[in-house]
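# Architecture at a glance
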Amino acid sequence: MFRIVCAMGAVLLTSMVKPVCLQEEFCQSVNNADCHSHDTDSNRQPSPHILQTYLNRSSDTHMLHDLDNFEVSCKKLIEAFQLDKVPGNFVRTVKNCIFSKSLPTPLKGPLRLAAISEDVIENILDLEVASTQSDDFLHYASGGRLLPGSVPLAHRYGGHQFGYWAGQLGDGRAHLLGQHTNRKGEIWELQLKGSGKTPYSRSGDGRAVIRSSVREFLGSEAMHSLGVPTSRAASLIVSDEPVLRDPFYNGNVKKERGAIVLRLAKSWFRIGSLEILARSGEPDLLRNLLNFVIEEQFPSISSEDPDKYLVFYDTVVNETAHLIAQWMSVGFAHGVCNTDNFSLLSITIDYGPFGFMDSYDPNFVPNTSDDEGRYSIGAQANVGLFNLERLLEALRPVLTPEQQQGAKQVLKGYGDIYHTRAQQLLKGKLGLLGEEEDDEYLIAFLLKMMEDTRSDFTMTFRQLSEVTVQQLHNTEVTKELWALRDLSSHKLYAEWLGLYVQRLARQGDDTDEDRQRRMRNVNPRYVLRNWMAESAIRKADVDDFSEVELLHHILTRPYLTQDAAEKAGYAARPPRWAQRLKVSCSS
Ligand code: AMP
Ligand code: MG
């Protein structure tokens, strides 16, 4: 996986008090002034109602007690882009726009709040957690009621899927509710996923089932706590609405239940957002979208810079390389690395059949529908390159010939950026300080042994973080540590250990304690293993959300040993049944 040619011959990659807009009122006219009249004020200057909002907040905490004062705005997006002129949610090919107005289809009740992320609720949305326990929240977060200011939008994008141009894709089951400016001044886009059909639903039903929604909720929040750039999830609401799915595309259609995740990102634009404009011959709109993204999301790039699109490309290439290196460092495989699932902000988005690998295997493919292993964990760096090539193609209409050459040069540097970052992260995982010529060898040697012995990726590194050098030499100690026991069965383990210990000994006055602390801070003890998600999903399917809650709680502190997690076996060898688990694209 981490692309290293090692000496052993192995190639490894390496939101005013406003009347609440009920859906029905909104349906009559998305131009209804009551719904978004406050949007006529500038976003940059606090309007009287925004000031009132802040006055209505608890004076101690500046948090909102309830949702009456929570608002979003679509003003910026609607003013920046022409909208689809065709109204309605019927499926169609859409041209000359970035967004289509589209109303969520409320989930049929009864609805249950299965999970919330307190961090997102309090620290991004500025809401008191208690406010989420209301019927208001249940309806707002499931598409049944529209937040003040919301003009729900479905984004038009395209994408390369499994290597081929797939044409128009778009938000087929997601609705952008609007932007929320929080007390820190951050702007977050709120989106519902599973909220019904849009013009982009193609043959889909616009819904998401409980299993995939639990996975997205837990997966994205866990990734955030691991320190990996990602979209966030505020809540998970489940319903009794029947949703038909053929989970393994073998004709066995099952009745599942619909769920909606309220998710957030600073921006949901993807590589595919630009691709569709370039491919449809809409250069003005392409330029328009690029200018918007640069202005809003890339503050270090001057809008006056004649090379701004090139600088933008350079930044995305860099950040994408860094993101994938981070994925690799925690053993995360996205599963569907299509260009429509690659964020222009280089954050992890669109959680589907992702997986954290158990045994180290560069060929680990989390998506059972991915027969060719195109999106195996070890292929992600190369797939990133492919996707950035597609991004360059999309940018071509706005680049001069010289800039295109410059962009090609930028792309040539991608491999090195990735490699350097991946190595840095792996060195950190091994507690190595400074630079030594043989560090790559030492890392590759370890990974090869892990591959040969099918040692657990997460726990091998974690257990190396939990022992002193002296204990490492003591077979009685390593024997008690299941992942290290597997690793130490390799015939070359003693040789590697010798090199590792010598390397650590050359780190000046670095102590065992310091090294272990550093290593424990980068080597998680708990990741969302498939069997853990599956166990929580089986309970959630019968309306027991205790394990979703437990996992969510544990995974917010993945680097800290926790009693409840130990009791649940989250750091133990995965159960045998985990090996038979399958996760497909069906969601
Ligand atoms: P994904 O593989 O989840 O990234 O989805 C690829 C495309 O299929 C996107 O345009 C999605 O909006 C769309 N899509 C996936 N599932 C559904 C569904 N159940 N209903 C409508 N569109 C869907
Ligand atoms: Mg997607």
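Residues numbered from 1 in each chain as written. Chains lettered and ligands numbered in written order. Predicted model: local features only at pLDDT ≥ 70, side-chain atom pairs only at ≥ 80, totals over all residues. Heavy atoms only, no water.

### Examining the nonpolar core
Note that soluble globular proteins tend to have their nonpolar side chains buried in a common cluster. Within the largest apolar cluster, 134 residues are counted, with the highest numbers of intra-cluster contacts made by Leu274, Phe312, Tyr313, Trp496 and Tyr500. Ranked by residue count, the leading element in this core is helix 10 (residues 308–329), at 12 residues. Here tyrosine 500 is in contact with Leu430, Leu432, Leu442, Leu464, Leu472, Arg515 and Met519, once residues within four sequence places are set aside. (Core = buried A, V, L, I, M, F, W, Y, C linked by side-chain atoms within 4.5 Å. Buried < 20%, exposed > 50% of the residue type's maximum accessible area, 1.4 Å probe, protein only. Helix = DSSP H or I, 4+ residues; strand = E, 2+ residues; numbered from the N terminus. Contact = heavy atoms within 4.5 Å.)

### Focus: helix 10
Taking 1.5 Å per residue as the helical rise, helix 10 with its 22 residues ought to reach 32 Å, and the 31 Å between its terminal C-alpha atoms agrees with that figure. Among the 22 residues in helix 10, 16 count as buried, and that is most of the element. Looking at the residues trailing helix 10, positive phi occurs at glycine 331, about 70 degrees. (Expected span 1.5 Å × (residues − 1).)

### A word on the environment of glutamine 471
Within the secondary structure, glutamine 471 sits in helix 16 (residues 469–473). Accessibility expressed as a relative area gives 30% for glutamine 471, which makes it partly exposed. Setting aside anything within four residues of it in sequence, one finds glutamine 471 in contact with Glu466, Val477 and Thr478.

### A look at the packing of helix 9 (residues 283–297) against helix 10
Taken N-terminus to C-terminus, the directions of helix 9 and helix 10 make an angle of 60 degrees; their axes are 11 Å apart at the nearest point. As for how helix 9 packs across helix 10, the hand of that crossing is left-handed. Of the residues in helix 10, those in contact with Arg287, Leu290, Asn291, Val293 and Ile294 of helix 9 are Lys308, Tyr309 and Phe312. Tallied by class, the residues present in the contact of helix 9 with helix 10 amount to five nonpolar, one polar and two charged. (Axes fitted to C-alpha atoms, helices over the stretch in contact; angles between N-to-C directions. Left-handed = near helix turned anticlockwise from the far one by under 90°. Nonpolar A, V, L, I, M, F, W, Y, C, P; charged D, E, K, R; others polar.)

### Let's talk about the confidence of the model for the chain
Put simply, the chain has an average pLDDT of 91, and 90% of its residues get 70 or more. In this model, residues 1–22 is a region of pLDDT below 50 whose contacts with residues beyond four sequence positions or in other chains number 85 contacts. With pLDDT under 50 throughout, residues 24–60 is counted as low confidence; its partners more than four residues away or in other chains account for 64 contacts. (pLDDT = per-residue confidence, 0-100.)

### Topic: unusual backbone geometry
The step from glycine 109 to proline 110 runs through a cis peptide bond, and the omega angle for that step is -5 degrees. The residue proline 110 is located in the loop between strand 4 (99–101) and strand 5 (112–116) in this model. If you check the backbone angles, tyrosine 249 has positive phi at about 50 degrees while not being a glycine. Along the chain, the position of tyrosine 249 falls in the loop between strand 13 (232–245) and strand 14 (254–265).

### Some points on the site of ligand 1
Taken together, 17 residues surround ligand 1, and among them Gly170, Gly172, Arg202, Gly206 and Asn341 come closest. Between ligand 1 and arginine 173, the relevant distance is 3.2 Å, taken from a nitrogen atom to a side-chain nitrogen or oxygen of the residue. For ligand 1, the protein covers 80% of the area, taking 480 Å² as the surface of the free molecule. Looking at the shell around ligand 1, its residues break down into two nonpolar, seven polar and eight charged. The residue makeup of the shell around ligand 1 includes at least three contributed by each of domain 2 (40–270) and domain 3 (272–423). (Near = heavy atom within 4 Å. Polar contact = N/O pair within 3.5 Å; in protein donor to acceptor, adjacent residues only side chain to side chain. Areas by Shrake-Rupley, 256 points an atom, 1.4 Å probe, with all protein chains shown as cover. Domains from an automatic or database assignment.)

### A word on the packing of aromatic side chains
This model, assessed by the stated rule, comprises 20 aromatic pairs. Aromatic pair phenylalanine 332 and phenylalanine 356: ring centres 5.4 Å apart, planes at 65 degrees, arrangement edge-to-face. Of this pair, phenylalanine 332 sits in strand 15 (residues 332–333) while phenylalanine 356 sits in strand 16 (residues 355–356), placing them 24 residues apart in sequence. Of the two residues examined, phenylalanine 332 and phenylalanine 356, each falls in the buried class. A network of ring pairs unites the aromatic residues Trp327, Phe332, Phe342, Tyr351, Phe354 and Phe356 as a single cluster. Residue placement shows arginine 390 over the ring face of phenylalanine 386; its charged tip is 4.4 Å from the ring centre. The ring of tryptophan 577 carries the charged tip of arginine 538 above its face, separated from the ring centre by 4.8 Å. (Phe/Tyr/Trp six-rings, centres within 6.5 Å; stacked < 30°, edge-to-face > 60°. Lys NZ or Arg CZ within 6 Å of the ring centre and 35° of its normal.)

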